[in-house]
Amino acid sequence: MIREFLYKYYIDPIRYGEAYTLVDTLTYALILVVAVYLLYRGLRRYGIAIDDELVLATLPYVVFGGLLRVVEDTGMITSDLRFLLITPLIFFLIALIAGVALFGGKIAENAGLVSRYSKVYAGVGVAGSLLSGAALVWFGLTETTIALGVLAAILALAAVTSVALWVFLAYVLKWGYVSNLLYKLLIFGHMLDASATSYGIDLHPVHYVEQHVVGGALIDATGTAFSMFLLKFAVIVPAVYVLELYRREGDTGFWHLILLAMIIVGMAPGIRDLTRMVLYV
């Protein structure tokens, strides 16, 4: 019975690319919460400051993960190794690479080999992004297409909606703190996700579908994928408010990690979906 449960909700969805269910969605959400807490304890223990520098140096891994996921989507990898590039396993793979680079960079800094650990840490993420991006460009040029019009349309939609939401928060709600770069990245990451989803389902020639439970239910209920912007609005506005309350209590370390996790949850799938649509895969 336990074996059937594991296969139904965790193993088969990975093997066959099935849509998420409420069970696995809640499970992965719980794993994310626990992972953030354990990461917080680990970084504090090894004396790595949890600040803007750490968050910004981690962003290349968000791009790396999104692009690497599309490498699997293209079918370039045919062996069983491709399962490592499928959600949620790819999160563990990227986390492993990032962890080795992070602590390796810190060791190099302590040894006087580099001035800041973030140069090594971010550098590995940038290298991974460039390699993955190069493989996808090659695939687009040789196997399919590179639709620059799709790229421009989704990025424009993400930019316009990001600015609109930021203006609402900053000037209507008078939340001046949203001028913080990390809040801006949070907003853009989720607007990119909503823009890619909306364009892909309602406008793109390829028939894309929403795999997540809440988003899929909302799209079915409203009849349009552009309703994802309403979902993002309903999530981001209270989230930013609560995050700022927490930041003002003084524990900025945990605030940075929670904010980073929220940026990843929005930006990583946004990058993946955007890239898939540009390549028509």
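Note that the structure is a prediction, hence the values are computed from the model and not measured.

Colleague: It is not clear to me how the nonpolar core should be interpreted in this structure. Could you clarify?
Modeller: As a rule of thumb, nonpolar side chains are buried together in soluble globular proteins. If you look at the biggest cluster of nonpolar residues, it comprises 72 residues, and the most contacted ones within it are Y121, I154, V178, Y183, L186, V240 and L259. Those elements that place two or more of their residues in this core are α2 (22–45), α3 (52–74), α4 (89–110), α5 (117–142), α6 (148–172), α7 (181–202), α9 (228–248) and α10 (252–279).

Colleague: Looking at this model, I keep getting lost on the environment of Y37. Mind explaining?
Modeller: Within the secondary structure, Y37 sits in helix α2. Put simply, Y37 and L257 are 220 residues apart on the chain and 8.5 Å apart in space, counted from C-alpha to C-alpha.

Colleague: Got a minute to help me understand the UniProt feature "transmembrane region" (unreviewed entry) in the protein in this structure?
Modeller: Those residues carrying the UniProt feature "transmembrane region" (unreviewed entry) are residues 20–40, 52–71, 83–108, 120–140, 146–169, 221–242 and 254–271 in this numbering. For residues 120–140, the end-to-end C-alpha separation is 30 Å, with 100% helix and 0% strand making up the annotated structure. Secondary structure across residues 146–169 divides into 92% helix and 0% strand, with the first and last C-alpha atoms of the span separated by 35 Å.

Colleague: Sorry, what's going on with the packing of aromatic side chains here?
Modeller: Aromatic rings considered in pairs are described by the distance between their centres and by the relative angle of their planes. Scanning all chains against the criterion turns up nine aromatic pairs. When the centroid spacing of 5.9 Å and the interplanar angle of 55° are considered together, the rings of Y177 and Y183 count as tilted. Neither residue differs from the other here; Y177 and Y183 are each classed as buried. Cluster of aromatic residues (ring-pair linked, three or more members): W175, Y177, Y183, Y241 and W255. For R247, the ring lying beneath its charged end belongs to W255, and the centroid distance is 5.9 Å.

Colleague: For this particular structure, what's the right way to read a nonpolar patch on the surface?
Modeller: Together, L30, V34, Y37 and L38 line one region of the surface with nonpolar side chains, adding up to about 400 Å² of accessible area. Within the secondary structure layout, V34 lies in helix α2. Accessibility expressed as a relative area gives 41% for V34, which makes it partly exposed.

Colleague: Whenever I open this one, unusual backbone geometry confuses me. Can you help?
Modeller: Excluding glycine, most residues fall at negative phi; most peptide bonds, likewise, are trans. Phi is positive for K174, close to 65°, though the residue is something other than glycine. Structurally, K174 can be placed in the loop between α6 and α7. For K174, a relative accessible area of 64% corresponds to the exposed category. Positive phi, close to 60°, is recorded for Y280, a residue that is not glycine. On the secondary structure map, Y280 appears in the segment after α10. Given the relative accessible area of 33%, Y280 is considered partly exposed.

Colleague: When you look at the layout of surface pockets in this model, what are you seeing that I'm missing?
Modeller: Rolled over the atoms, a probe as big as a water molecule pinpoints where empty space is left. Space inside the second largest pocket adds up to approximately 190 Å³. Around the second largest pocket, the lining residues are L67, G133, L136, V137, I146, L148, L151, I271, L274, T275, V278 and L279. No other element matches the five residues that α10 contributes to the lining of the second largest pocket. Taken together, the residues of the lining of the second largest pocket break down into 10 nonpolar, two polar and no charged.

Colleague: Sorry if this is basic, but what is going on with the packing of α3 against α7 here?
Modeller: The axes of two packed helices give the description: the angle between them and the distance between them. Their axes nearest at 11 Å, the elements α3 and α7 cross at an angle of 30°. In terms of axis orientation, α3 runs roughly parallel to α7. With respect to the hand of their crossing, α3 and α7 are arranged in left-handed fashion. Each of D52, V55, L56 and L59 in α3 lies in contact with α7, whose residues at this interface are L181, L182 and L185. The residue inventory of the contact of α3 with α7, partitioned by class, reads six nonpolar, no polar and one charged.

Rules used in this analysis
- Residues numbered from 1 in each chain as written.
- Predicted model: local features only at pLDDT ≥ 70, side-chain atom pairs only at ≥ 80, totals over all residues.
- Heavy atoms only, no water.
- Core = buried A, V, L, I, M, F, W, Y, C linked by side-chain atoms within 4.5 Å.
- Buried < 20%, exposed > 50% of the residue type's maximum accessible area, 1.4 Å probe, protein only.
- Helix = DSSP H or I, 4+ residues; strand = E, 2+ residues; numbered from the N terminus.
- UniProt positions renumbered as here; feature names shortened; annotations may be inferred.
- Phe/Tyr/Trp six-rings, centres within 6.5 Å; stacked < 30°, edge-to-face > 60°.
- Lys NZ or Arg CZ within 6 Å of the ring centre and 35° of its normal.
- Patch = residues over 30% accessible without salt bridge, like charges linked within 9 Å, V, L, I, M, F, W, Y side chains within 5 Å.
- Areas by Shrake-Rupley, 256 points an atom, 1.4 Å probe, with all protein chains shown as cover.
- Salt bridge = Lys/Arg side-chain N within 4 Å of Asp/Glu carboxyl O.
- 1 Å grid on protein atoms, 1.4 Å probe; cavity = no way out; pocket = protein on both sides within 12 Å on 5 of 7 lines; lining within 4 Å.
- Points joined across faces, edges and corners; volume = space filled by probe spheres on them.
- Nonpolar A, V, L, I, M, F, W, Y, C, P; charged D, E, K, R; others polar.
- Axes fitted to C-alpha atoms, helices over the stretch in contact; angles between N-to-C directions.
- Parallel < 35°, antiparallel > 145°, perpendicular 65-115°, else oblique.
- Left-handed = near helix turned anticlockwise from the far one by under 90°.
- Contact = heavy atoms within 4.5 Å.

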